Amino acid sequence: MDKYRYRQIAIGSVKNRGNLIRTDEVEISLPNNAVDCFTTWMDYDESAIEYYAKNNRIGGYDGIVFPKIFPIDIDCGGDLESSLKVCREITGTLVHVFDIDRNSFRIFYSGSKGYHIEIPSSLFDITPAPQKEICRRLKSIALKLHDNVDDKIYKPNMLWRIANTINSKSGLYKVQIHYNELHSLSTSKIQEIAKSPRFLNYVECIEDRKSVVEGKSVDLGGRRIIKKKNKQHLMI
C-alpha cells in the first residue's frame, strides 16, 4: 500500500487547498505556530498528482485511493461535555467490546468544539477502492459505532485538521490525549493541555496483539464483530 502516500494540504484555511505532498513531508511543510492547517484524510497515489496538475484541483478525481486511518469526528453542536461523553463511549467500545489495544488508535481534542479519533483502517479490512465506496463504508461503520458522530467527514477529498496546529476558533491546539486522560480529566483540564503542542508515542497497528476471544462472532445490534487471532474486525 506504499504507493498511496500523498495527501492534499491546506494551510491557513480550508479554502487554501494546495498541491498534494508526501504524507511524511506534511509536518516539515507547516509554518511555525501554524494556524488552521489541514490535509485530506484520504491517501492518494501518483495518478492524483497528475489529475491535480491537469485540473488545478482534486475535486472530481475518481481514481483508486486508500486511507491509512479511519477518522471519527465528534462535534455535538458545540456542547463540549456531550462531545466528551460520546468520545468516551466510542473509545470504551473499541477497547472493552472489540478488545482493541487502547494504544493502537489515537484520540485528539480538536482545539475547539469536539474530539477526533484515528483508527488504523487495517482493523476494518479497508483496501484500495474508489473514494465514494470507502466513504460509504466508513460512514456506515461510524454510525454503527455511535449515532452521534459527525458523518459529514465521509465525503471525497474532505479535510482533516492536523495535530499540533492552532485552531483559530479558540487559540488552542489540536492535541493528542491518552485514553486514560480522556476517561478521567474534565473538559477544562483537557483544554489546559491544549495550550501548547503535544507529541505522544503511537502504535501503528495491533497485528501482534492476541485477542481475548478468538474465532468467534458477536452480534451487537446489527454489528457483527469477528474476533480472530492477532486481529479484530468489525464487519458490516
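See the structure shown above.
A quick note: this is a predicted structure, and the numbers were derived from the prediction, not measured.

K.L.:
How should I be thinking about the pattern of salt bridges in this particular structure?
P.N.:
Note on pairing: side chains with opposite charge can pair once their charged atoms come close. Enumeration according to the criterion identifies 13 salt bridges in this entry. Where Arg-136 meets Glu-133, a salt bridge forms, and the shortest distance between an N and an O atom there is 3.1 Å. Placement of the pair is Arg-136 and Glu-133 together in helix α3 (residues 131–145), with a separation of three residues, close to one helical turn. Residue classification places Arg-136 among the partly exposed positions, given a relative accessible area of 46%. Among the ionic pairs, Arg-198 bridges to Glu-181, the shortest N-O distance being 2.7 Å. With Arg-198 in the loop between α5 (187–193) and β13 (216–220) and Glu-181 in helix α4 (residues 179–182), this residue pair connects regions lying 17 residues apart in the sequence.

K.L.:
Can you help me understand the environment of Phe-38 in this one?
P.N.:
By the secondary structure assignment, Phe-38 is in strand β3 (residues 37–40). As a C-alpha pair, Phe-38 and Arg-7 span 31 residues in sequence and 9.8 Å in three-dimensional space. Excluding anything up to four places from it in sequence, Phe-38 contacts Gln-8, Ile-9, Ala-10, Ser-13, Val-14, Leu-159, Trp-160, Arg-161 and Ile-162.

K.L.:
Explain helix α2 (residues 80–96) here, please?
P.N.:
An α-helical segment advances 3.6 residues per turn. Residues three or four places apart therefore align on the same side. The end-to-end C-alpha separation of α2 is 24 Å, in line with the 24 Å expected for 17 residues at 1.5 Å each. Listed in full, the buried residues belonging to α2 are Leu-80, Ser-83, Leu-84, Val-86, Cys-87, Ile-90, Thr-91, Gly-92, Thr-93, Leu-94 and Val-95. Structurally, the start of α2 carries an N-cap: the backbone nitrogen of Glu-81 is 3.2 Å from a side-chain oxygen of Asp-79.

K.L.:
Whenever I open this one, the nonpolar core confuses me. Can you help?
P.N.:
Nonpolar side chains tend to gather and get buried jointly when the protein is soluble and globular. The biggest cluster of nonpolar side chains holds 56 residues, and the ones touching the most others in it are Trp-41, Phe-70, Ile-72, Phe-105, Tyr-115, Ile-119 and Tyr-154. Broken down by element, the residue count for this core peaks at seven residues, all from α2. With residues near it in sequence (within four places) discarded, Ile-72 still touches Ile-90, Tyr-115, His-116, Ile-117, Ile-119, Leu-145, Val-149, Tyr-154 and Trp-160. Within the second largest apolar cluster, seven residues are counted, among which are Ile-21, Val-26, Cys-37 and Ile-162.

K.L.:
Even after reading the chapter, I still don't get the side chain of His-116, so can you show me in this structure?
P.N.:
As for its placement among the helices and strands, His-116 is situated in strand β7 (residues 115–120). Residue classification places His-116 among the buried positions, given a relative accessible area of 7%. Within polar-contact distance, the side chain of His-116 engages the side chain of Asp-73 at 3.4 Å.

K.L.:
What am I meant to see in the pairing of strand β5 (residues 69–74) here?
P.N.:
Successive residues of a regular strand alternate their side chains across the two faces of the sheet. In terms of residue burial, β5 counts as a mostly covered element, since six of its six residues are buried. Of the two faces of β5, both are covered, the one formed by Ile-69, Pro-71 and Asp-73 as well as the one formed by Phe-70, Ile-72 and Ile-74. Examined bridge by bridge, β5 and β7 share six bridges and lie antiparallel to one another. Its bridge partner being in β7, Asp-73 is matched across the sheet by His-116.

About the thresholds
Residues numbered from 1 in each chain as written. Predicted model: local features only at pLDDT ≥ 70, side-chain atom pairs only at ≥ 80, totals over all residues. Heavy atoms only, no water. Salt bridge = Lys/Arg side-chain N within 4 Å of Asp/Glu carboxyl O. Helix = DSSP H or I, 4+ residues; strand = E, 2+ residues; numbered from the N terminus. Buried < 20%, exposed > 50% of the residue type's maximum accessible area, 1.4 Å probe, protein only. Contact = heavy atoms within 4.5 Å. Expected span 1.5 Å × (residues − 1). Polar contact = N/O pair within 3.5 Å; in protein donor to acceptor, adjacent residues only side chain to side chain. Core = buried A, V, L, I, M, F, W, Y, C linked by side-chain atoms within 4.5 Å. Pairing = 2+ DSSP bridges.

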